[in-house]
Amino acid sequence: LNRGSRPADPDDIKSVDPAKLLAQFLDQRRPPDTLTAEQLRDRSWWEGYDIVLLIEDFHQVTQSHSMQNNALAEIIPFVASAGDVGLHIIATCAMQNATQAVSRGILAAAYGAQSPTLLMSGNKQDFPSGREFSVTKLPKGQALYKTTEGLERIQAPYDPPS
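Residues numbered from 1 in each chain as written. Predicted model: local features only at pLDDT ≥ 70, side-chain atom pairs only at ≥ 80, totals over all residues. Heavy atoms only, no water.

S.K.: Even after reading the chapter, I still don't get helix 2 (residues 18-27), so can you show me in this structure?
M.R.: Along an α-helix, residues three or four apart share an orientation, since each turn contains 3.6 residues. Turning to helix 2, its buried residues are Ala19, Leu22, Ala23, Phe25 and Leu26. The arc enclosing the buried residues of helix 2, seen along the axis, measures out at 160°, which places them on a common side. As for helix 2, its buried residues are in contact with strand 1 (51-55), helix 5 (82-85) and strand 2 (87-91). For helix 2, the side-chain oxygen to backbone nitrogen distance between the N-cap and Ala19 is 3.1 Å, and the N-cap itself is Asp17. (Buried < 20%, exposed > 50% of the residue type's maximum accessible area, 1.4 Å probe, protein only. Helix = DSSP H or I, 4+ residues; strand = E, 2+ residues; numbered from the N terminus. Arc of directions from axis to C-beta. Contact = heavy atoms within 4.5 Å. Polar contact = N/O pair within 3.5 Å; in protein donor to acceptor, adjacent residues only side chain to side chain.)

S.K.: What exactly am I supposed to notice about the nonpolar core here?
M.R.: Grouped burial of nonpolar side chains is what soluble globular proteins tend to show. Grouped together as the largest cluster of nonpolar side chains are 21 residues, with contacts concentrated most on Leu26, Phe58, Ile75, Leu87 and Ile106. Of all the elements in the fold, those that place two or more residues in this core are helix 2, strand 1, helix 4 (58-64), helix 5 and helix 7 (105-112). Once residues lying within four places of it in the same chain are set aside, the contact partners of Phe58 are Leu72, Ala91, Thr92, Cys93, Ala101, Arg104, Ile106 and Leu107. Within the second largest apolar cluster, six residues are counted, among which are Met95, Leu119, Phe127 and Val135. (Core = buried A, V, L, I, M, F, W, Y, C linked by side-chain atoms within 4.5 Å.)

S.K.: Would you mind showing me how to read the layout of surface pockets here?
M.R.: To find leftover empty space, one rolls a probe the size of a water molecule over the atoms. Here the largest pocket is characterised by a volume of approximately 780 Å³. As for the largest pocket, its lining consists of 29 residues, of which Ile89, Ala91, Pro116, Thr117 and Leu118 are closest to the centre. At the level of secondary structure, the elements contributing two or more residues to the lining of the largest pocket comprise helix 5, strand 2, helix 6 (98-101), helix 7 and strand 3 (117-119). Sorting elements by how many residues they give to the lining of the largest pocket places strand 2 first, with five residues. A per-class count over the lining of the largest pocket returns 22 nonpolar, seven polar and no charged. (1 Å grid on protein atoms, 1.4 Å probe; cavity = no way out; pocket = protein on both sides within 12 Å on 5 of 7 lines; lining within 4 Å. Points joined across faces, edges and corners; volume = space filled by probe spheres on them. Nonpolar A, V, L, I, M, F, W, Y, C, P; charged D, E, K, R; others polar.)

S.K.: How do you make sense of the side chain of Gln142 when you look at a structure like this?
M.R.: Tracing the backbone through its elements, the reader meets Gln142 in strand 4 (residues 142-147). At 3.3 Å, the side chain of Gln142 and the side chain of Arg153 are in polar contact. Look past the residues within four positions of Gln142 in its chain and what remains in contact with it is Met120, Ser121, Arg153, Ile154 and Gln155.

S.K.: How should I be thinking about unusual backbone geometry in this particular structure?
M.R.: A negative phi angle is the norm for most residues apart from glycine, just as the trans form is the norm for most peptide bonds. Residues other than glycine seldom take positive phi values, yet Arg43 does so here, at roughly 50°. Along the chain, the position of Arg43 falls in the loop between helix 3 (37-42) and strand 1. The class for Arg43 is partly exposed, based on a relative accessible area of 25%. Positive phi, normally seen in glycine, also occurs at Gln114, with a value near 60°. On the secondary structure map, Gln114 appears in the loop between helix 7 and strand 3. With a relative accessible area of 48%, Gln114 lands in the partly exposed category.

Functional significance is not addressed by these values, which are geometric in nature.
Written out as structure tokens, the structure is:
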């Protein structure tokens, strides 16, 4: 995160909690109370790259941790202000585990904050989504894109295997 906080010895890396380091880093980006609306809109109180947290097979994270012992719990407080601190979360999981994934931990916070969600093909019983939309079997590469503005079907790039 900064040169002074990186472990010098490879054995020291085993004792570092990456979620805790990320939370400390994001905490430095929290907007001060004295910001104007323009400064908040421009994100001018910090510099640097946005952070993309990629979590593949999120259902395995939820299966391997209890509610009390969540591997990403320290990052949850930053989900509501992710746009302000430059945090983007991309998580994948099998559709049959999606209901569990969006009901626990960091994805529950993101889903509850109505973060944009891309739902690929699946069976209705895998993700009981209610009256607003239904997960269904879709052609390859098609998905439902859910935002606060509504729901639309999109075509994601698809390159069939050779």
